[in-house]
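# Structural features, examined
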Amino acid sequence: MHSHLIKDLLNLEGVIVKKVSQSSEDVVVTLETKPTRQVCPACGRTTSKIHDYRTQYIKDLPLQGKRCFLELRKRRYTCRCGKRFLETYPFLARYQQRTVRMTAFVAAELHEVQSVQSIAKRANISSATVNRILDTISYDRPKLGNALSIDEFKGNAARQKFQCILVDPRKHKVLDILPDRNSIHLAQYFKDIPRHERLKVEFFSCDMCRPYVDLARSYFPAARIVIDRYHFTRQVFWALENVRKDLQRRMAVDRRRYYKRSHSILTKRYASLNEEQKKACDIMLLYNDDLRRAHRLKEKFLEIFNIRKFRDQRTAFMDWIEEAHCSGIKHFEKCAATFANWSHEILNAFRFDFISNGPTEGFNNKIKVLKRISFGIRRFDRFRTRILLTTT
Ligand SMILES: [Zn+2]
């Protein structure tokens, strides 16, 4: 009675619902299918001779918040060739104790930033089962585009503190996650990419890190090396912050607290401050010559990004290095020396301003959340798949 309605509700092809029983925790749906002619997997002939039945319990997606099991009487057929085999069902993969749609649900949920435990809870299965489904998903690196950026992040996966992330900065796409930042491993990885594919990379974006640049020169000989603007600009901010911190040490407690609390007034662009903040900033700068000079150097540096012509940017950048070098402030002298060493690659960031690790930063935030909710990552391969699933 009403079994067609239950069947509609269940939404499974080709089944007859015989019985629905429920307890406070479970719903058990007893199913049957019509006998049909079967193709023997051994000889390919057809047979309709039933040998015996076996009852199997199959997990399905929860119904009304309760665990749902399908109780299925599976037929075993026998063939003239002597082979005995079980009936196959479109909603059930071979040798599996869960429905195809359960697997599909879990696979879809793995694309969202959430823990394996919470997926397991929603699907009413164990975390181990969710991980088993995760392990069946493989992810192959897509082909490289004309730009490649490499960065590292603190993943603490499989006892390695840092992992590397490869991004196509123009397509805003994560290409791959590598287990560590060891140069030899990275070289091996890049070497495995066909040379004709590597030769197509015109831009290689990274931090001011020699090993990355050396790798780029060896494996991406056609690429211009671009130092990501976030990575070099933060050196200027660090220099300014260090000047403030040095100064604070010599201040009375109250004033020290004020400078510490109000440090963002100094680091923010002066033009973006409101009138009140501008006044506060002016007063803070009155206190000390070095701080005033450091602040001006920071402002001047950020100005370079607003200059329209690359030639003028280059002049302004070289002038800035000169000024920082002669500033008499050790933090800025250090910054000037670093910039002078990397001037060509930093200037490429101004010249090819469409290349940066900006997209990577966004991905890194997602990874951070994923890491936090994963309660420690023991297996790098699972971590990698999750990152790639949630970012693509
Ligand atoms: Zn046969």
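Just so it is clear, the structure is predicted and the values come from calculations on it, not from any experiment. (Residues numbered from 1 in each chain as written. Predicted model: local features only at pLDDT ≥ 70, side-chain atom pairs only at ≥ 80, totals over all residues.)

### Side note on the overall build of the protein
Looking only at helices and strands, one finds 17 helices and twelve strands in the protein. Taking 392 residues into account, the globule formula puts the C-alpha radius of gyration at 21 Å, and the protein, at 31 Å, lies well above it. Dimensions of the protein along its principal axes, counting C-alpha atoms only, are 95 × 55 × 35 Å. At a minimum sequence separation of 6, the contacts of the protein that also span at least 24 residues come to 55%. (Helix = DSSP H or I, 4+ residues; strand = E, 2+ residues; numbered from the N terminus. Rg over C-alpha atoms; globule rule 2.2 N^0.38 Å. Contact = placed C-beta atoms within 7 Å.)

### Considerations on unusual backbone geometry
One non-glycine residue, glutamine 64, adopts positive backbone phi at about 50°. Relative to the assigned elements, glutamine 64 resides in the loop between strand S5 (50-63) and strand S6 (66-78). Since 7 C-beta atoms lie within 10 Å of it, glutamine 64 is described here as exposed. At asparagine 124, a position not held by glycine, the phi torsion is positive, near 60°. (Buried ≥ 20, exposed ≤ 12 C-beta atoms within 10 Å, placed from the backbone.)

### Some thoughts on the environment of threonine 385
Looking at the secondary structure, you find threonine 385 in helix H17 (residues 380-391). In this structure threonine 385 comes out as partly exposed when scored by C-beta crowding, with 19 C-beta atoms within 10 Å. Distance from threonine 385 to histidine 111, taken between C-alpha atoms, is 9.5 Å for residues 274 residues apart in sequence. Beyond its immediate stretch of four places on either side in the chain, threonine 385 contacts Leu134, Ile137 and Tyr139.

### Quick look at the packing of helix H3 (residues 116-123) against helix H4 (residues 127-136)
Running from amino to carboxyl end, H3 crosses H4 at an angle of 110°, the nearest separation of the two axes being 8 Å. One finds that H3 runs roughly perpendicular with respect to H4. Counted together, Val116, Gln117, Ile119 and Ala120 of H3 and Ser127, Val130 and Asn131 of H4 form the full contact between these two elements. Across the contact of H3 with H4, the residue classes break down as four nonpolar, three polar and no charged. (Axes fitted to C-alpha atoms, helices over the stretch in contact; angles between N-to-C directions. Parallel < 35°, antiparallel > 145°, perpendicular 65-115°, else oblique. Nonpolar A, V, L, I, M, F, W, Y, C, P; charged D, E, K, R; others polar.)

### What about the nonpolar core?
Counting 49 residues, the largest nonpolar core has Ile165, Phe204, Ala294 and Phe332 as its most contacted members. When residues in this core are grouped by element, the largest group, five residues, is from strand S8 (residues 147-157). Ranked by size, the runner-up nonpolar core spans twelve residues in total, among them Leu12, Val15, Leu70 and Leu92. (Core = buried A, V, L, I, M, F, W, Y, C linked by C-beta atoms within 7 Å.)

### Quick look at the domain arrangement of the protein
You can read the domains of the protein as domain 1 (3-97), domain 2 (147-228 + 356-391) and domain 3 (233-351). The C-alpha centroid of domain 3 is placed 30 Å from the C-alpha centroid of domain 2. Domain 2 puts seven residues into the contact, and the matching count from domain 3 is six residues. Along the lines of polarity and charge, the residues of the side of domain 2 that touches domain 3 split into four nonpolar, one polar and two charged. (Domains from an automatic or database assignment.)

### Some words on the pairing of S6
The pairing of strand S2 (residues 26-32) with S6 spans six bridges and is parallel. Considered in S6, the bridge of aspartate 26 is made with arginine 67. As paired elements, S5 and S6 share eleven bridges and run antiparallel to each other. What sits directly across from aspartate 52, in S6, is arginine 76. Connecting S5 to the next strand, S6, in antiparallel fashion are two residues, including glutamine 64 with a positive phi near 50°. Judged from the three bridges that link them, S6 and strand S7 (residues 84-86) form a sheet pairing that is antiparallel. Directly across from arginine 76, in S7, lies its bridge partner leucine 86. Connecting S6 to the antiparallel partner S7 that follows it, the hairpin turn spans five residues, and glycine 82 within it adopts a positive phi of roughly 105°. (Pairing = 2+ DSSP bridges.)

### Some words on the pairing of strand S10 (residues 173-178)
Across five bridges, the pairing between strand S9 (residues 160-168) and S10 is antiparallel. Each bridged residue has a counterpart across the sheet, and for isoleucine 165 the counterpart in S10 is isoleucine 177. Following S9, the chain reverses through four residues before pairing antiparallel with S10; histidine 172 in that reversal takes a positive phi of roughly 50°.

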